[in-house]
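Per-entry structural report
Now for the letters of each chain:
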Amino acid sequence: MKTQVLIVGAGPAGLFLALMLHELGLDTVVLERRDRAYVEGRVRAGVLEQITVDLMQRLGVGDRLAQEGLVHTGTNLAYEGGAFRIDMQALTSGSAVTVYGQQEVMKDLFDAAAARGVRIVFGADNVDLHNLTSAHPFVTWSEESQPHRSECDFVVGCDGFHGVSRGKIPAGASKAFERVYPFGWLGILTETPPVNHELIYCNSERGFALASMRSLTRSRYYIQCALDEDIEDWPDERFWEELELRLGTVGGAIPRGPSFEKSIAPLRSFVTEPMRHGRLFLAGDAAHIVPPTGAKGMNLAVSDVIMLAEALEAFYVKGAESGLEGYSTRALDRVWKAERFSWWFTGLTHRFPDTDPFSRRMQLAEIEYIRGSRAAQTVLAENYVGLPITGEAGSRWRV
Ligand code: RFL
Ligand code: PHB
């Protein structure tokens, strides 16, 4: 087999990239270890920045998003002193976010890929990358125990935090930065109307809570929990009681119902530099992780691949290598700013094991300050809706 760009991983990064390259007339193959149902079934992100919404529209995969996505022009912060709204639209020049689940995004992307003949190999085991620093890399894998091989011009590692690609960069050629937080998020999905028409991020003495949603009839709630928490110890009743204790009366009585998904996710900040090694490029969670507090993970995967698609387009159309040379620096600039925001917002809203009375007062004073300062609210709002992609990158994929 032979292709121009071989993509490892069919998550948001891999599929958005494949569809963009397909639009540009480039040939790609996507290798995915799991099957479609597995990738589509994972309950993850819920908040899309405008760059992600625009990209879906530009790719012609945004019809359902336009119908079913919920545009949120504000978000809410709650704490023991009450709650207040950050009017993102008024504080930025009219920006908003859209609530539309990653599961729905994946369904739309997979449908389009199938309809357009984008090649995706599901069940690709033992993926391995070779000759990455030569002009002729190749990739091997097995499918139902049969060995396969494809030559390519470039390999893009979109295989998430636990993928194989990042490890192909020799230790001496990369540097990793990491913070592991001493807690996780316990999340549930329920067929109940949301407690509030917008999200509520809550700093409570008992720990962080988040009221989110997937639609007007489906809710997503999270509570901060210990890392060694056993999900069996959290029957729905206990979850609802804890959530009510944390949210207090904010938003009113929480409509309860049985959960149909319940999971615990650890929180981590991670960045590897650079995001390129020879003819291997990394994008999305393969290169960086943010704690979910800022709702940035999937959106960063999108900004990475927008920049990479532009660089690949310049290479194939104009023969210019400068875009590829600059990809890592350009992507990391936006990545680090999102890392900073997600880390800061996590610190503001969570209870840390070493939160002493002084640090608690610091948190509360900062929230009170944000409440009273348009400048502070603007900082939060412009980060939450998503920082711009600098330079020319992305203009093709904006509406
Ligand atoms: P993914 O989605 O992990 O996809 C990687 C794909 O690669 C495959 N793979 C391999 N394939 C072949 N060979 C191998 N050796 C392979 N190893 C792995 C995997 O099977 C998989 O299909 O990475 P990608 O594409 O970079 O996308 C990243 C996003 O999925 C992630 O950042 C977000 O889900 C993060 N996230 C959120 N992001 C947002 O933008 N907004 C949010 O509101 C938001 N909330 C969240 C989140 C993540 C969460 N969890 C569970 C981590 C909330 C939570 C709770
Ligand atoms: C979600 O709905 O899953 C969600 C929303 C906002 C976040 C994180 C997760 O910050």
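Owing to the predicted nature of the structure, the values given are computational and were not obtained by experimental measurement.

In this section: unusual backbone geometry. For the bond from Glu273 to Pro274, the omega torsion is -10°, close enough to zero to count as cis. Here Pro274 is to be found in the loop between β17 (259–273) and β18 (276–277). One non-glycine residue, Glu144, adopts positive backbone phi at about 45°. Considering the arrangement of structural elements, one finds Glu144 in the loop between β10 (138–143) and β11 (146–151). For Glu144, a relative accessible area of 77% translates into the label exposed. One non-glycine residue with positive phi stands out, namely Ala295, at about 55°. With respect to the helices, strands and loops of the structure, Ala295 is situated in the loop between β20 (288–289) and α8 (297–318).

With that settled, consider the pairing of strand β13 (residues 175–190). Strand residues, when the strand is regular, have side chains that alternate between the two faces of the sheet. Where β13 and β17 come together, 13 bridges link them in antiparallel fashion. Paired with Thr190 across the strands is Ser259, a residue of β17. The pairing of β13 with strand β16 (residues 219–225) spans 7 bridges and is classified as antiparallel. Across the sheet, Leu189 pairs through a bridge with Arg220, a residue of β16.

Attention now goes to the site of ligand 1. Around ligand 1, the structure places 33 residues, and the nearest of them are Glu32, Arg44, Gln102, Asp285 and Met298. Separating an oxygen atom of ligand 1 from a side-chain N or O atom of Arg42 is a distance of 3.4 Å. One nitrogen or oxygen atom from the side chain of Gln102 is found 2.7 Å from an oxygen atom belonging to ligand 1. Computed on the free molecule, ligand 1 has an accessible area of 1,000 Å², of which 89% lies beneath the protein chains in the complex. Every element with two or more residues in the shell around ligand 1 is listed here: α1 (12–23), β2 (28–32) and α8.

Following the sequence through the fold, Thr346 ends up in helix α9 (residues 322–349). For Thr346, a relative accessible area of 0% translates into the label buried. Apart from residues no more than four positions distant in its own chain, Thr346 is found in contact with Tyr181, Phe183, Leu267, Pro291, Thr293 and Phe352.

A separate point is the pattern of salt bridges. Tallied over the entire structure, the rule returns 30 salt bridges. Put simply, Arg85 and Asp87 hold a salt bridge, and the shortest N to O gap is 3.6 Å. Assessed through its relative accessible area of 34%, Arg85 is described here as partly exposed. On the accessibility criterion, Asp87 (29% relative accessible area) is partly exposed. Linking Asp333 and Lys337 is a salt bridge whose minimum nitrogen-to-oxygen distance equals 3.2 Å.

General note: in soluble globular proteins, nonpolar side chains tend to be found buried as a group. Ile7, Phe16, Leu21, Leu31 and Val139 are the most contacted members of the largest nonpolar core, which totals 76 residues. Per element, the largest residue contribution to this core is 12 residues, and it comes from α8. Beyond its immediate stretch of four places on either side in the chain, Val139 contacts Leu6, Leu31, Val127, Asp128, Leu129, His130, His148, Arg149, Ser150, Cys152 and Val155. Counting residues in each nonpolar core, the second largest holds 34 residues, with Met88, Met213, Tyr222 and Leu348 among its members.

Glancing now at the site of ligand 2. Close contacts around ligand 2 come from 14 residues, with Tyr201, Ser212, Arg214, Tyr222 and Pro292 the closest. In the model, an oxygen atom of ligand 2 is placed 3.4 Å from a nitrogen or oxygen of the Ala295 main chain. Contributing elements (two or more residues each) for the shell around ligand 2: β15 (209–213) and β16.

It is worth spelling out the pairing of strand β5 (residues 75–79) at this point. The element β5 is largely enclosed, with a buried count of 5 among its 5 residues. Burial along β5 is two-sided: Thr75, Leu77 and Tyr79 facing one way and Asn76 and Ala78 facing the other are all buried. Summarising the sheet, β5 and strand β6 (residues 82–86) pair through 5 bridges and their orientation is antiparallel. By the bridge assignment for β6, Thr75 is matched with Ile86. Between β5 and β6, which follow one another and run antiparallel, lie 2 residues.

The rules we used
Residues numbered from 1 in each chain as written. Chains lettered and ligands numbered in written order. Predicted model: local features only at pLDDT ≥ 70, side-chain atom pairs only at ≥ 80, totals over all residues. Heavy atoms only, no water. Helix = DSSP H or I, 4+ residues; strand = E, 2+ residues; numbered from the N terminus. Buried < 20%, exposed > 50% of the residue type's maximum accessible area, 1.4 Å probe, protein only. Pairing = 2+ DSSP bridges. Near = heavy atom within 4 Å. Polar contact = N/O pair within 3.5 Å; in protein donor to acceptor, adjacent residues only side chain to side chain. Areas by Shrake-Rupley, 256 points an atom, 1.4 Å probe, with all protein chains shown as cover. Contact = heavy atoms within 4.5 Å. Salt bridge = Lys/Arg side-chain N within 4 Å of Asp/Glu carboxyl O. Core = buried A, V, L, I, M, F, W, Y, C linked by side-chain atoms within 4.5 Å.

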